[in-house]
Amino acid sequence: MFERLTRPARAAVVTNAVAIADERGDARVGTEHLLVGVAATPSPAADLLDRMGAGSNQIQTAITDLDRTALAAVGIDHDSIRLDPASNEWVRQKRHTPFNRAAKGVGRARNRHCLAST
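Bear in mind that the values here come from a model prediction, so they are computed numbers and not experimental data.

**Q** What's the story with the overall build of the protein chain in this structure? I'm lost.
**A** Assigned secondary structure in the protein chain consists of seven helices and zero strands. For the protein chain, the succession of helices and strands along the chain, N to C, is α-α-α-α-α-α-α. Residues counted as buried form 28% of the 118 residues belonging to the protein chain. Within the protein chain, contacts between residues separated by at least 24 positions form 63% of all contacts whose residues are at least 6 apart in sequence. In the structure as shown, the protein chain presents an accessible area of about 7,700 Å², 58% of it carried by carbon and sulfur atoms.

**Q** Please clarify how the side chain of Thr41 should be interpreted in this entry.
**A** Relative to the helices and strands, Thr41 is located in the loop between helix 2 (31-40) and helix 3 (44-51). Reaching out from Thr41, the side chain makes a polar contact with the side chain of Asn16 at a distance of 2.4 Å. In this structure the side chain of Thr41 is engaged in a polar contact, spanning 3.0 Å, whose partner is the backbone oxygen of Gly37.

**Q** Quick question: what am I supposed to make of a positive patch on the surface here?
**A** Together, Arg28, Arg101, Lys104 and Arg108 make up a region of like positive charge exposed at the surface. In this structure Lys104 comes out as partly exposed when scored by relative accessible area, which is 34%.

**Q** How do you make sense of the pattern of salt bridges when you look at a structure like this?
**A** For side chains bearing opposite charge, pairing can occur when the charged atoms are close. As enumerated under the stated definition, the model contains two salt bridges in all. The partner of Arg24 in a salt bridge is Asp26, and the shortest N-O contact between them spans 2.8 Å. Judged on exposure class, the residue Arg24 and its partner Asp26 are both buried. Between Arg24 and Asp67 there is a salt bridge, and its shortest N-O distance comes to 2.3 Å. Of the two residues, Arg24 sits in helix 1 (residues 7-24) while Asp67 sits in helix 4 (residues 56-73), which places them 43 residues apart along the sequence. Overlapping salt bridges bring together Arg24, Asp26 and Asp67 as one network.

**Q** Whenever I open this one, helix 4 confuses me. Can you help?
**A** Given 3.6 residues per helical turn, the α-helix brings residues three or four places apart onto the same face. Taking 1.5 Å of rise per residue, 18 residues should cover 26 Å, and helix 4 covers 26 Å from first to last C-alpha, within 8% of that figure. For helix 4, the set of buried residues is Ser56, Ile59 and Ile63. Projected down its long axis, helix 4 shows its buried positions confined to an angular sector of 65°, all on one face. Away from its buried face by more than 90 degrees, helix 4 exposes Asn57, Thr69 and Ala72. The first or second residue beyond helix 4 is Gly75, which carries a positive phi of 80°.

Cut-offs used in this document
Residues numbered from 1 in each chain as written. Predicted model: local features only at pLDDT ≥ 70, side-chain atom pairs only at ≥ 80, totals over all residues. Heavy atoms only, no water. Helix = DSSP H or I, 4+ residues; strand = E, 2+ residues; numbered from the N terminus. Buried < 20%, exposed > 50% of the residue type's maximum accessible area, 1.4 Å probe, protein only. Contact = heavy atoms within 4.5 Å. Areas by Shrake-Rupley, 256 points an atom, 1.4 Å probe, with all protein chains shown as cover. Polar contact = N/O pair within 3.5 Å; in protein donor to acceptor, adjacent residues only side chain to side chain. Patch = residues over 30% accessible without salt bridge, like charges linked within 9 Å, V, L, I, M, F, W, Y side chains within 5 Å. Salt bridge = Lys/Arg side-chain N within 4 Å of Asp/Glu carboxyl O. Lys, Arg positive; Asp, Glu negative; His and termini not counted. Charge placed at Lys NZ, Arg CZ, Asp CG, Glu CD. Expected span 1.5 Å × (residues − 1). Arc of directions from axis to C-beta.

In structure tokens, the structure reads:
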């Protein structure tokens, strides 16, 4: 899906996004992880995000806050269910973190745009 990306872009999209999802203990890589991956990789896009107050730390904090709010809405304390990724056997043993439908759509849309531009 991301094979047409340049090496630095692939590092941002795949390596960083998967690492962020794994660190959080998330089962899938979503668009939020892609955004953090881009923000965490030195690039003009990351610089722009940082200048706008949306650096990787700020984005990760916002994701955690959204998780907390969503769980609280159904009566679950976020801090009572979070596992330390180092002790989470499922995270450590899985072969890869799959991308969710929305994250896959980002790659497909970019491919269509690139093909239409040529």
